[in-house]
Amino acid sequence: MNILILGGGGREHSLAWAVLQNPKCDKLIVAPGNAGIARIATCAALDIEDGGEVVTFAEVNAIDFVIIGPEAPLAAGVADRLREAGILVFGPSAAAARLEASKSFTKEICDAAGAPTAAYGHFTDAESAKAHIRQQGAPIVVKADGLAAGKGVIVAETEEQALAAIDDMFDGAFGQAGAEVVIEEFMEGEEASFFVLCDGETVLPVGTAQDHKRVGEGDTGPNTGGMGAYSPAPVLTEAVAQKALDRIVRPTVNEMKRRGTPYQGVLYVGLMIKDGEPRLVEYNARFGDPECQALMMRLGAQAMDLMHAAAEGRLDGMQVNWADDHAMTVVMAAQGYPGAYDKGSVIGGLEGLPETSSAMCFHAGTARQDGTFVATGGRVLNLTARGATLAEARDAVYAMADAVDWPGGFLRRDIGWRAL
Ligand code: AMP
Ligand code: GLY
């Protein structure tokens, strides 16, 4: 099979790495890819949000199967264009990807499906949004309705913060994404992510994870795209997962099917768990980044068979072969991230890192310049390892981190602290 993966981050590096272990993969192209991905696959410059361009590229290169990594091409309808052209694709239609692209849409689906989630209000003008906040009081959560690259959520501890967030959003701080807001009840508990594959009808859990969103140790400081993750998530026990499937995931997938917009791809189910009861925080229409890196390290080659089965509507009867293992991924980011950061700093020590089925350095934002690797993004490297225990995985990951010679970068030393 000739496979095309869309995306160029650590998530896509780990997807490429898993796909390449599967003997069914003949040729792999990743667009746009990055310098780490270029070491294992062909990279192609392509506007991955332009469905027409992606279809033409897939046809010219005799691609049999496309895996879409990030949310932007999904929201732009790239999966729809591929399906119309008769090309097999893993990833939801734009209509189904609204589960990520619109917070108010997700809330509406939860209402229709009876899925437990935070109480909410949906507003299109600042005055009524503010009136709602004054009536509810703090803590309270303000969300821009649309895609805001993970930055459109303000967990306000005071009423003033919430009111200021409304002003920011309606003043255009998040562009069109903030033209509508959802205001939610603040939910207490422990967060974890549940990943399920869907083929429109059948759902198949493929793993759980927890990530660390704050930049600083002890989960302090500003929010990031994620500074590290580990799988499995101890808080997401089998009993909690079963409740989440029965009360949240299956009713959602059924409701999407009933509306004529079946969900096919991976559904990232963000949960808040309190006293063993899960409630939905959010859906994403893609694998989490960096959670995917830990999941791929645990799933290996079967990840491709599972995604392929989801795309072909064959999930019923598929099963995941679990090893009783743990994986951790630690992000190395450029100094300054998530604020302004420099690009172009040289990264040394990568050649000596292990590259095995239990330890990999996935690249998230690198380029190659005159034979050396340089940083090109905020999140730059994702050191990932697997072990019989989480502590073993952690020790392996930080041993890799110690071998990286990158003065321009930093990392958190406490990934997994809650579980360890
Ligand atoms: P979201 O983009 O919806 O996942 O929100 C980003 C983060 O904000 C989540 O991962 C949670 O940590 C937090 N969050 C979102 N909604 C709520 C809520 N209703 N109650 C508490 N925390 C929330
Ligand atoms: N790590 C969180 C996300 O991918 O949204």
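All values derive from a computational prediction rather than experimental measurement.

Conventions and cut-offs
Residues numbered from 1 in each chain as written. Chains lettered and ligands numbered in written order. Predicted model: local features only at pLDDT ≥ 70, side-chain atom pairs only at ≥ 80, totals over all residues. Heavy atoms only, no water. Near = heavy atom within 4 Å. Polar contact = N/O pair within 3.5 Å; in protein donor to acceptor, adjacent residues only side chain to side chain. Areas by Shrake-Rupley, 256 points an atom, 1.4 Å probe, with all protein chains shown as cover. Nonpolar A, V, L, I, M, F, W, Y, C, P; charged D, E, K, R; others polar. Salt bridge = Lys/Arg side-chain N within 4 Å of Asp/Glu carboxyl O. Buried < 20%, exposed > 50% of the residue type's maximum accessible area, 1.4 Å probe, protein only. Helix = DSSP H or I, 4+ residues; strand = E, 2+ residues; numbered from the N terminus. Contact = heavy atoms within 4.5 Å. Patch = residues over 30% accessible without salt bridge, like charges linked within 9 Å, V, L, I, M, F, W, Y side chains within 5 Å.

*Asks:* Break down the site of ligand 2 for me, with residues and values.
*Replies:* Every residue near ligand 2 is listed here: Asp211, Gly225, Tyr268, Asn284, Arg286, Gly288, Asp289, Pro290 and Glu291. Within the side chain of aspartate 211, a nitrogen or oxygen atom sits 2.9 Å from a nitrogen atom of ligand 2. Between ligand 2 and glycine 225, the relevant distance is 3.1 Å, taken from a nitrogen atom to a main-chain nitrogen or oxygen of the residue. In isolation ligand 2 has 200 Å² of accessible area, and contact with the protein removes 87% of it. When the residues that make up the shell around ligand 2 are grouped by side-chain class, the tally is 2 nonpolar, 3 polar and 4 charged.

*Asks:* Run through the pattern of salt bridges, naming residues and quoting values.
*Replies:* Enumeration according to the criterion identifies 26 salt bridges in this entry. Between arginine 11 and glutamate 12 there is a salt bridge whose closest N-O contact spans 2.8 Å. The two residues arginine 11 and glutamate 12 agree in class, both being buried. Here aspartate 325 ties to arginine 298 by a salt bridge, and the two come within 2.8 Å at their closest N and O atoms. Here arginine 298 lies in helix α10 (residues 291-299) and aspartate 325 lies in the loop between α11 (302-311) and β17 (326-334), a separation of 27 residues in the sequence. Salt bridges sharing partners connect three or more residues here, namely Glu108, Glu255, Arg258 and Arg259.

*Asks:* Go over the environment of alanine 16, please, and point to the residues and values.
*Replies:* Position of alanine 16 relative to the elements: it lies in helix α1 (residues 10-20). On the accessibility criterion, alanine 16 (0% relative accessible area) is buried. As for alanine 16 and valine 30, which are separated by 14 residues in sequence, their C-alpha atoms are 7.6 Å apart. Once residues lying within four places of it in the same chain are set aside, the contact partners of alanine 16 are Ile5, Leu28, Val30 and Ile40.

*Asks:* Describe α11, with residues and values.
*Replies:* Along α11, 9 of the 10 residues are buried, which leaves the element largely enclosed by surrounding structure. By the burial criterion, the buried members of α11 are Gln302, Ala303, Met304, Leu306, Met307, His308, Ala309, Ala310 and Ala311. Where α11 terminates, the next one or two residues include glycine 313, which has phi positive at roughly 75°.

*Asks:* Can you tell me about the environment of alanine 162, naming the residues and giving the values?
*Replies:* Assignment of secondary structure puts alanine 162 in helix α8 (residues 159-170). Separated by 21 residues in the primary sequence, alanine 162 and valine 141 have C-alpha atoms spaced 7.4 Å apart. With residues near it in sequence (within four places) discarded, alanine 162 still touches Ile133, Ile140, Val142 and Ala156.

*Asks:* Mind laying out a nonpolar patch on the surface, listing which residues take part and the relevant values?
*Replies:* A cluster of nonpolar side chains, Val153, Val155 and Phe186, forms an exposed patch at the surface whose accessible area comes to about 210 Å². Turning to its location among the elements, phenylalanine 186 is positioned in the loop between β9 (181-185) and β10 (190-199).

*Asks:* Which residues make up the site of ligand 1, and what are the values?
*Replies:* By nearness alone, 15 residues border ligand 1, and Glu184, Glu185, Met187, Glu191 and Glu282 come closest of all. With respect to ligand 1, the side chain of lysine 143 contributes an N or O atom lying 3.0 Å from an oxygen atom. Within the side chain of glutamate 282, an N or O atom sits 2.8 Å from an oxygen atom of ligand 1. Out of a free accessible area of 470 Å², ligand 1 has 89% covered by protein chains. Those elements giving two or more residues to the shell around ligand 1 turn out to be β7 (140-144), β8 (153-156), β9 and β16 (277-284). Each residue belonging to the shell around ligand 1 can be placed in one class, and the counts come to 8 nonpolar, no polar and 7 charged.

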